[in-house]
Amino acid sequence: MDMIKKILLIILLLGTSNLLFSQITISSPVLRQVFQRDLNSQALVTITGSYSQPMDTIQVKFTPVRVGQGIAIDWTVIKSSPLGGLFKGGVTVKGGWYTMEVRGLLNGKIVGSVSTISRVGVGEVFVIAGQSNAGGSSLLETNETAATDDRVNCANFLSPRTYYEGLPFLHADLSQFSIIEFSQLKKTSAIGPTGLGPYYWGKVGDALSAKLNVPIMFFNTGWSGASVRVWRESAENPDARVPSDFQSDNPRDPIRYYDKGTPYSNLNTVLRYYGINLGVRAVLWMEGETQNLLNLSALRNNKPLPISEANYLDNLQRLIKKTRQDLGNNKLAWVVARTSYSGDLDCKVISSPLPPPPAPSPIIVSAQNKAISDKTLAPVYPGPFTDNIQTSILRERDQCVHFTGKGLDDAATAWVKALTEDNKNFFETVEPILADSIPSISLECISTSQLKLSLPDGYAGYEWVSTDNGAIVGKTKSVNVPTGGYIARVTRDNGNIVQIPRFTVRANAPARAPFLIATTDVNFCLGTSVLLQSSTEADNPIYEWTSSPAISNLPRTKDIFATREATYKLRVIS
């Protein structure tokens, strides 16, 4: 007698949105984004985005932009069985400059077209800080050239001429910063948020890309005339307006006081925002000229020197420690230039007698060297010694302090030498800060006009922003929103911010469960089968049959023949 078997049918439908954009839209990474590589010259690149057609697999491919500029990765699965119209996955990529492609598959066949980001990098990320010989002089002279290597990048928020013509420096307002405005470092580029043009950093980037064979990303927080005291005081007193070193008798003089929290607020935000989302190798610090200028002016007027070695050292030590405290990572490396050469306050004034010529300051350079050798302050490394650059004309008397002409070439060469020769094995031994992981967003349809977006638990703060009008639409873990484009930010307990770049979603009515019937009695004889038929209102559905106990290779079709005793489940994905 044939054994009687029984089938238990369970029906499940999961509905998703039918989205109004191309089959796959990549949210992250964005064009020219560079991820900081680790000590093995690789980085985990997280890919996020959205899709609008049924697909059961999402793959990524990395191809070097030029032969020899990276290690290719053929099509690799980053997400299986994606749900909800949004996806996230990751792949480890070796240092290099790549074209990144993402595609979706359904039953082994490509769905629609392939989405492409033409430039994505794994390389070196630097944050520049200090005064104008770090940030740029705003001269934009002929020898202040663009990077010639396509792999040298910057956060290009505003043109340098816009800064020069009176726009105030940007402050640490996150809405003014961007995770998408990266560009090749051109002659007309401002290295955001406060760098005044390429200065000599384009030359530095070219040389580093050639030596390391990886892309470079620069952020510049340098601030004209800002001494190490101003940096330290604004770091420790973020709600105060720090007095300038160049006080005048006019109470309305705009340079009497810095705006609240500046200049440190920009360095702090860049580290805790870009440093978290891209990673960072080190802070490149160049300041000392302003402190020397104050001493030279005091000497000229027979007054006591306001800046001592101990004073400079204390300010720099406290500043370095504060950046690490705010970032929540004591491994943040600093590279400190030994620089002090400057004229005094009246350097540009035509007077009789003429002001004394520019001069270096051994006490300031000594303080910088002591910070570098202080093992309790590690990791701190020696940057270039610049007091021997352009000293014969420094730097043309009408400039008093800034590098010009060949001095720009020499300053760039000195920085490259410091990073690649003077500090042996710097890029193989200095542990960088790596990019934080991007959290996943889940989506739930509510109606034809509203959908629910949710982020994971465990963050100190949440923020959802509409990219259609820039409005903040919510500050909770979950929000109900209409169709549109959004970005999301989560804040960790230490204040660091991770951003999910722009994604687009469309509200849709929740899907209804499919109808499912067995064409014959579910009690059946061994050797026969039961036809399980389904129907659904979903457009272009994906059918996923599973069973318990598990039966492998169940067809992904509307109807199936059940030949074994089991509990069968059907999920239909719209």
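Everything numeric in this text was worked out from a predicted model, so none of it was measured. (Residues numbered from 1 in each chain as written. Predicted model: local features only at pLDDT ≥ 70, side-chain atom pairs only at ≥ 80, totals over all residues. Heavy atoms only, no water.)

Quick word on the overall build of the protein
Spelled out, the test is: Put simply, DSSP H or I for four residues or longer makes a helix, DSSP E for two residues or longer makes a strand, and each gets a number counted from the N terminus. Note on exposure labels: buried denotes an accessible area under 20% of the residue type's maximum, exposed denotes more than 50%, and partly exposed covers the range between, all computed with a 1.4 Å probe on protein chains only. The contact rule is simple, with two residues in contact once any of their heavy atoms fall within 4.5 Å. Method for areas: the Shrake-Rupley scheme with a 1.4 Å probe, in which residue coverage is limited to the protein chains shown.
Assigned secondary structure in the protein consists of 10 helices and 30 strands. In the protein, which comprises 574 residues, the share counted as buried stands at 55%. Pairs at least 24 residues apart make up 74% of the contacts formed inside the protein by residues separated by at least 6 positions. Of the accessible surface of the protein, which amounts to about 24,100 Å², a share of 52% is contributed by carbon and sulfur atoms.

Focus: helix α8 (residues 362–373)
To keep it simple, the criterion reads: A helix is expected to reach a length of 1.5 Å times the quantity of its residues less one. This arc corresponds to the set of directions leading from the helix axis out to the C-beta atoms.
Taking 1.5 Å per residue as the helical rise, α8 with its 12 residues ought to reach 16 Å, and the 16 Å between its terminal C-alpha atoms agrees with that figure. Residues of α8 that are buried include every one of I364, V365, A367, Q368, A371 and I372, and no others. For α8, the arc enclosing every buried residue in end-on projection is 155°, short of the 170-degree limit, so these residues lie on one face. Exposed side of α8, more than 90 degrees from the buried face: P362 and S373 are the residues found there. In the core, the buried residues of α8 are packed alongside α6 (289–300), α7 (309–327), β15 (333–338) and β16 (380–385).

Examining the pattern of salt bridges
Counted only if it meets this: The rule for a salt bridge is simple: a side-chain nitrogen of Lys or Arg has to be within 4 Å of a carboxyl oxygen of Asp or Glu.
One pass over the full model with this rule turns up 26 salt bridges. With its nearest N and O atoms 2.8 Å apart, the salt bridge here joins R318 to D314. Placement of both R318 and D314 in helix α7 is noted, with a separation of four residues, approximately one turn of the helix. Given the relative accessible area of 32%, D314 is considered partly exposed. Between K558 and D559 there is a salt bridge, and its shortest N-O distance comes to 3.7 Å. Classification of D559 by relative accessible area gives partly exposed; the value is 28%. Through salt bridges with shared partners, one network takes in R229, R232, E233, E236, D245, D314 and R318.

Considering the packing of helix α3 (residues 201–212) against helix α9 (residues 406–422)
Let me state the cut-off plainly: Every axis corresponds to a line fitted to the C-alpha atoms, with the helix fit spanning only the stretch in contact, and the corresponding angles, defined between N-to-C directions, vary from 0 to 180 degrees. For a crossing to be left-handed, the near helix must be turned anticlockwise from the far one by less than a right angle; the clockwise case is right-handed.
The N-to-C vectors of α3 and α9 enclose an angle of 35°; their axes lie 8 Å apart at closest approach. Between α3 and α9 lies a crossing whose hand is right-handed. Residues W201, K203, V204, A207, L208 and K211 of α3 touch α9, and the partners they reach there are L408, D409, A412, W415, V416, L419, T420 and E421.

Quick notes on unusual backbone geometry
Phi is mostly negative for residues that are not glycine, and the peptide bonds are mostly trans. In the segment running from S28 into P29, the intervening peptide bond is cis, with an omega of 5°. Looking at where P29 falls in the secondary structure, it is placed in the loop between β2 (24–28) and β3 (33–36). Look at the link from T262 to P263: it is a cis peptide, with omega at 5°. Mapped onto the elements of the fold, P263 is located in the loop between α4 (228–236) and α5 (264–277). You will see that S81, though not glycine, has its phi angle at about 50°, which is positive. With respect to the secondary-structure elements, S81 resides in the loop between β6 (73–80) and β7 (86–94). Given a relative accessible area of 34%, S81 falls into the partly exposed group.

Examining the confidence of the model for the protein
For clarity, the cut-off: Every residue carries a pLDDT, the predictor's confidence in it, which falls somewhere between 0 and 100.
Mean pLDDT over the protein works out to 85, with 85% of the residues at or above the 70 mark. Across residues 10–22 the pLDDT falls below 50, and counting only partners more than four positions away or on other chains, this stretch makes 51 contacts in the model. Low pLDDT, under 50, characterises residues 159–169; the stretch is placed with 25 contacts to residues that sit more than four places away or in other chains.

Points about the pairing of strand β5 (residues 57–64)
Put simply, the test is: Between any two strands, pairing holds if DSSP finds at least two bridges.
For β5, the buried fraction is high: six of the eight residues fall into the buried class. Inspection of the sheet shows β5 paired to strand β8 (residues 96–106) by eight bridges, in the antiparallel sense. Bridge assignment links I58 to a residue of β8, and that residue is G104.

Points about the environment of G136
One can find G136 in the loop between α1 (132–135) and β10 (152–155). Between the alpha carbons of G136 and Y199 there is a distance of 5.2 Å; along the sequence they are 63 residues apart. Setting aside residues up to four positions removed in sequence, G136 forms contacts with L196 and Y199.

Side note on the sheet that holds strand β25 (residues 515–518)
Ordered by their spatial adjacency, three strands build an open sheet running β25-β27-β29, and the pairing between neighbours is antiparallel. Of all the strands in the sheet, the pair left with one neighbour each is β25 and β29 (560–562). Averaged over all pairs of adjacent strands, the angle between their axes in this sheet comes to 25°, without regard to strand direction. Examined bridge by bridge, strand β27 (residues 530–535) and β29 share three bridges and lie antiparallel to one another. Bridging from a neighbouring strand, V530 pairs with A562 of β29.

Some points on the packing of aromatic side chains
To keep things clear, this is the line we draw: Ring pairs shown here join Phe, Tyr and Trp side chains whose ring centres sit within 6.5 Å, with only the six-membered ring taken for Trp; geometry is labelled stacked below 30 degrees between planes, edge-to-face above 60, and tilted in between. Note on criteria: charge over ring means Lys NZ or Arg CZ within 6 Å of the ring centre, with the direction from the centre no more than 35 degrees off the ring normal.
Taken as a whole, this structure holds 19 aromatic pairs when the rule is applied. Ring geometry for Y200 versus W201: centroids 4.8 Å apart, planes at 45°, classification tilted. R103 extends its terminal NZ or CZ atom over the ring of W75, reaching a point 4.0 Å from the ring centre.

Some details on the sheet that holds strand β19 (residues 451–454)
One open sheet accounts for three strands, arranged β18-β19-β22; its pairing is antiparallel. On the outer flanks of this sheet lie β18 (442–445) and β22 (478–481), each paired with one strand and no other. This sheet shows a mean twist of 20° between the axes of neighbouring strands, independent of strand direction. The sheet contact formed by β18 and β19 spans four bridges and is antiparallel. Bridge pairing in β19 links S442 to S454.

A closer look at α9
All of the buried residues in α9 are G407, L408, A411, A412, A414, W415, V416, A418 and L419. Where the residues of α9 are buried, they touch α3, β14 (282–286), β15, β16 and α10 (426–429).

Quick notes on the nonpolar core
Basically, it comes down to this: What makes a nonpolar core is a set of buried Ala, Val, Leu, Ile, Met, Phe, Trp, Tyr and Cys residues whose side-chain atoms join them at distances within 4.5 Å.
With 70 residues, the main nonpolar core has F219, W285, W334 and L453 as its most contacted residues. Looking at this core, the element that brings in the most residues is α5, giving seven residues. Residues within four places of W334 in sequence aside, it is in contact with L267, V283, W285, L316, L319, I320, T323, R324, P379, V380 and Y381. If you look at the next biggest cluster of nonpolar residues, it comprises 35 residues, including A134, Y200, L284 and A337.

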